[in-house]
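# Geometric and topological summary
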Amino acid sequence: MPNELVLKELEAIVGPANVISDPGRIFSEVYDAWLQIFPGKPPKMPDYIVRPANELEVQDIMLMANRYKVPVHVASAYSYKLPCYSGILLQTVRMNRVHEVNVEEGYAVIDAGVTFNQFYRYLRSKNIDLVIPVTTAPPNTSIVANFLFKGIGMNMTSISDGNQEAIMALEAVLPTGELVHTGSWSLPISSCKYTFDLGFGPQLTRIFVGALGTLGVVTKAAIKLWPKPKALTVKLLGIKKCDELAKNLSKVMYTKLAPNTSGGHWLLLVLHGTNIAPYWGFDQKKKLYDLTDDDIAKMREYYGFPGEGTQYFYILACTPHYQSEDEAKLWEKYWSAYLSSHPEVTELTPDNCPGIKFGEIEASLKMYGGIGEGEPGNQRIRYCGWVPGHIWSFYGSVGNSALPKLHEITWSVGRKHGLVPALHTIPINEGRVSHVRYMVPIERGDGEGVKKYAAFFGEVIPRVIRESGFVPARCFGLGAKVVSQHMDPGFFELYQRIKRAVDPNNIMAPWLGFNIPFEYG
Amino acid sequence: MTEVERKIPLTYKNIDFVPFITHASLDKTPREWVNITFPKDNEYPDLAAAKFEAVRCWVCGQCEMSSMANWAMNCPTATYPAHYRQAAYRGQGKHMTVLGLLQGFIKPTPELVDVAYFCNLCGNCTLQCSMGIGSDPVVSVMALRRTFVKMGIAPPAAHRRFANYIKEYHNPYAEPPENRFAWLKKSVEPQKKGAEILYFAGCTGPYRTPDVCDATVSLLSAANADFTVLGGEEWCCGSPLYMTGLWEEAKETYEHNIAKIEELGVTRLITSCAGCYRQFHEGYRKFGGSKPSFEVLHSSQLFSEYLSSGRLKPKSKATDKVVTYHDPCHLGRHVGVFDEPREILSNIPELKFVEFERTAHHAWCCGAGAGVMSAYPELANFAATERLKEAKMVGASYVSSACPFCVLNLRRNEESGKFGLEIGDILQLLDRSMR
């Protein structure tokens, strides 16, 4: 509930210009139109949005919130909209300073609100040829938030693409207002305070990874930097079957055919064949979920993909990084050897796939994909295949060997309900795990499509969790229910004890985490 | 023209699929397969035009940046410190506001009126979105402004004021209408029937930057062009009225000008003002009626043609300074005229030229347009200052443009000489080079 006293205190802390109390303006910040069914329910809204400039203001806000028992939800630009039911939404966008970049030791100390594009512009302006791990986030999102957001979506966490390894130490404000530093940063005179995540006792940095702000507000982080790759190639590999895809994903990583510059964090995109219209050139007039088997066959013919008829086809887009053009040339013969010994893989070229716009895809992967140029975000590839409308998606992680089973279930359930679930995956944890996203296009305002999706979702989620060990990300509702039936009870207990210890008044995003009862006073 | 080595490379030149926006404000019709109805459709009928755009927003927030100018922030309103990166103030927020109103989740408030009007309508958001999703926030902004005007809660007082001035004085500056051509030193017969060219001077040129008009007329004379002016019958083109949601008033003044120009039987209309140019270029689509019988050209297009044909032959160096070119939004991003101004500059002997980092399709707005200079001078000043800082960053000492309104706003923010920059129109450089 709005509270004039709270508003006055917030304005006194950060200045009136940095507090938003108008419901219309708050609405623009929190409304997740991406997921909205039109017309739908009103979003949950905070009472105020506050934008502190530094950790001191954050501390004051937390102390005030404890006094008034007002819930606080922390976000960066809030482009990834977790629900915020009331109270204060604390945005870190104004905390956007780059404090230090150390080229010799390969680290940077940045505020929580520093974005990918801002950081890269900073590096360029200083002629610093270092990069940070790529993510699938838009370029104007927070680096620290993305690296930390591996997290508890209501109950469960699974977005773990290894980026959290890039954080070596951090500064945070606890829910009770204390300022803490983790890792060796807990000893300010330490010569490795920014470069060694272990300090004294347990690795407390990791408490904040995946916590989604339930255990404190991270205000700064010391992140790893890696040398910028000097050369980049793009390989598009066509593969007929999902189990062959999974095997080749692993092999390509282990044999280091596609080496990387950031400790295993490089981008492979697996674009299910039906993902490709219209961006990749196929001009079809039908709504994507009205595609029939004939349409899929025609698409195959149009592109010249390997395989036959309606057999599913996969494109593995590899973007290896090399330290020189000579190294890139050297690896070409290894690629050739790999391809000749793996007949199930076909390298897609303009000759055998005349329908694909190779130049455009390559330019996009290099420019937008956070690869090679080190640029952040990969919006064009991520949205590849999207037709004007709406996409419902679900995503999470699965062991690489279970990917075929996951896909077989999802595809068959999807087609049963008249949908085309398009797979997009990124290998994480050095190829051991696939971070998977299924995009299911539905037209905006199409009630029938929404019903189909609801039926599909209701059937597929329990099955993929139980039968292929899928770990859902951002897991609310049904997914949380299924997972909680199998979750280790000790895990819940440990989290709740930690939560009570650091947040005795339960003010940090009480609606996230594991549903500790919340009382708003 | 020699290109000075850039400090920051332009990545966009490596890509050959840069689109420019093709929207023409509100003459888009929703696609037939989007049949969404909202609870408040009848309450806000003017938001219907924005529906198709707003429902496609992915809430990614890229509208505030420039993907091809090294990911710089490129939305003045979202970069303005007091509103730094607030969703409401970037393209995404305009779409969300439309959706919120149509679904009844929010109601119009003075703050939402502010959200709708604190915007230059520069179109960067539309361009950035067109590179990924293709929704048009400018349509949402215009729909919001129109809705609020009809509800009687808009436009802001400053816009009402200049609307009254336009009605009374036929210019937004409350200047005597008889002084519109007071700057004209050469003998030009006004309202000469059958002349080839009608030079439409606009309002900002004559009343605030007459040196730009001087240069235009000087070049027309140097090219022995057969031209005339409307004299006392020239009224404001109506662009400020249209941009602020006062469409009836805009139509009235636009139609007056069209009628008077048609009476003269000229074959071409030229103007040095990007806003006037766009108004005449697109007016018949906005207001109905048929396409004018005359060709509409920006002065850069005409003089580029004259340079190519040899009617104008620059002889001398115009300046020793390093020149950069600021693309006016109404000329560049909205209509697609990027090359002709650069061709003019490239014909000037020994001109040293450097591009802005945020240039061409991805140009940063000067901050003056769409009523912002009147109602939100703080935003206009901020945007202009940022542009001048960028000029210094790329090593320029002269900022040229092709719109008197851009020139005016940039000059105002360089008044104290703090940046050491000279600011002028490309035609002034060309005119200097003719001597």
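Residues numbered from 1 in each chain as written. Chains lettered and ligands numbered in written order. Predicted model: local features only at pLDDT ≥ 70, side-chain atom pairs only at ≥ 80, totals over all residues. Heavy atoms only, no water.

### Overview of the overall build of chain A
To keep things clear, this is the line we draw: Going along the chain from the N terminus, every DSSP run of H or I of four or more residues is numbered as a helix, and every run of E of two or more is numbered as a strand. Should any heavy atoms of two residues lie within 4.5 Å, those residues are counted as being in contact. Note on areas: these come from Shrake-Rupley sampling with a 1.4 Å probe, and a residue is covered only by the protein chains present in the view.
Broken down by element type, chain A carries 15 helices and 21 strands. Restricting the contact set of chain A to residue pairs at least 6 apart, pairs at least 24 apart contribute 73%. Entry remark: accessible area of chain A is about 19100 Å², with carbon and sulfur atoms responsible for 55%.

### Re the environment of Leu345(B)
Its location among the elements puts Leu345(B) in helix 14 (residues 339-346). Measuring from C-alpha to C-alpha, the distance between Leu345(B) and Tyr325(B) comes to 8.8 Å, with 20 residues separating the pair along the chain.

### Some details on the sheet that holds strand 8 (residues 167-173) of chain A
Residue and element names in this part refer to chain A. Rule in force here: Any two strands between which DSSP finds at least two bridges are classified as paired. Whenever a helix is involved, its axis is fitted only over the stretch in contact; in every case the axis is a line through C-alpha atoms, and angles between N-to-C directions fall within 0 to 180 degrees.
Across the sheet, five strands lie side by side as 5-6-10-8-9; this open sheet has antiparallel pairing. A single partner strand is all that each edge strand has here, and the edge strands are strand 5 (98-102) and strand 9 (179-181). On average, each strand axis in the sheet is inclined to that of its neighbour by 10°, with strand direction left out of account. With five bridges connecting them, strand 6 (residues 107-111) and strand 10 (residues 217-224) associate as antiparallel partners. From the neighbouring strand, isoleucine 110 faces strand 10, where its bridge partner is alanine 221. Contacts from helix 4 (residues 116-125) reach strand 5 and strand 6, with the element oriented near 50° to strand 5.

### Quick notes on the packing of aromatic side chains
The geometry of two aromatic rings is summed up by the distance between their centres and the angle between their planes. We apply this condition: To pair, rings of Phe, Tyr and Trp, with the six-membered ring standing in for Trp, must have centres within 6.5 Å; the planes then decide the type, stacked if under 30 degrees apart, edge-to-face if over 60, and tilted in the middle. Burial here depends on accessible area, computed with a 1.4 Å probe over protein chains only, as a share of the maximum for the residue type. Under 20% is buried, over 50% is exposed, and the range in between is partly exposed. Placement of a positive charge over a ring is assigned whenever Lys NZ or Arg CZ falls within 6 Å of the ring centre and within 35 degrees of the normal to the ring plane.
With the rule as written, the count across this model stands at 23 aromatic pairs over all chains. Between Tyr89(B) and Phe118(B), the ring centres sit 5.6 Å apart and the planes meet at 80°, which makes this aromatic pair edge-to-face. Of this pair, Tyr89(B) sits in the loop between helix 2 (76-79) and helix 3 (91-102) while Phe118(B) is found in the loop between helix 4 (110-117) and helix 5 (124-130), placing the two residues 29 residues apart along the sequence. With respect to class, Tyr89(B) is no different from Phe118(B); both count as buried. Here the aromatic residues Tyr80(B), Tyr89(B), Phe118(B), Trp364(B), Tyr376(B) and Phe382(B) are joined through ring pairs into a cluster of three or more. The ring of Tyr334(A) is capped by Lys333(A), whose NZ or CZ atom sits 5.9 Å from the centre of that ring. Seen from the ring of Phe356(B), Arg387(B) lies directly overhead, with NZ or CZ sitting 3.6 Å from the centre.

### Comments concerning the pairing of strand 10 (residues 398-401) of chain B
All names here are of chain B. Note the cut-off: With the strands aimed away from the viewer, a crossover counts as right-handed if its path from the first strand over the helix to the second runs clockwise.
Judged by which residues are buried, strand 10 turns out to be covered on both faces: Tyr398 and Ser400 on one side and Val399 and Ser401 on the other are all buried. Relative to strand 10, strand 8 (residues 322-326) runs parallel, the two being bridged by four bridges. Looking at strand 10, one finds that tyrosine 325 is bridged to serine 400. For strand 10 and strand 11 (residues 422-425), the ladder comprises four bridges, and the chain directions are parallel. The residue bridging valine 399 from the neighbouring strand is isoleucine 423, located in strand 11. In this view, the connection linking strand 10 to its parallel neighbour strand 11 by way of helix 17 (residues 404-412) has right-handed handedness.

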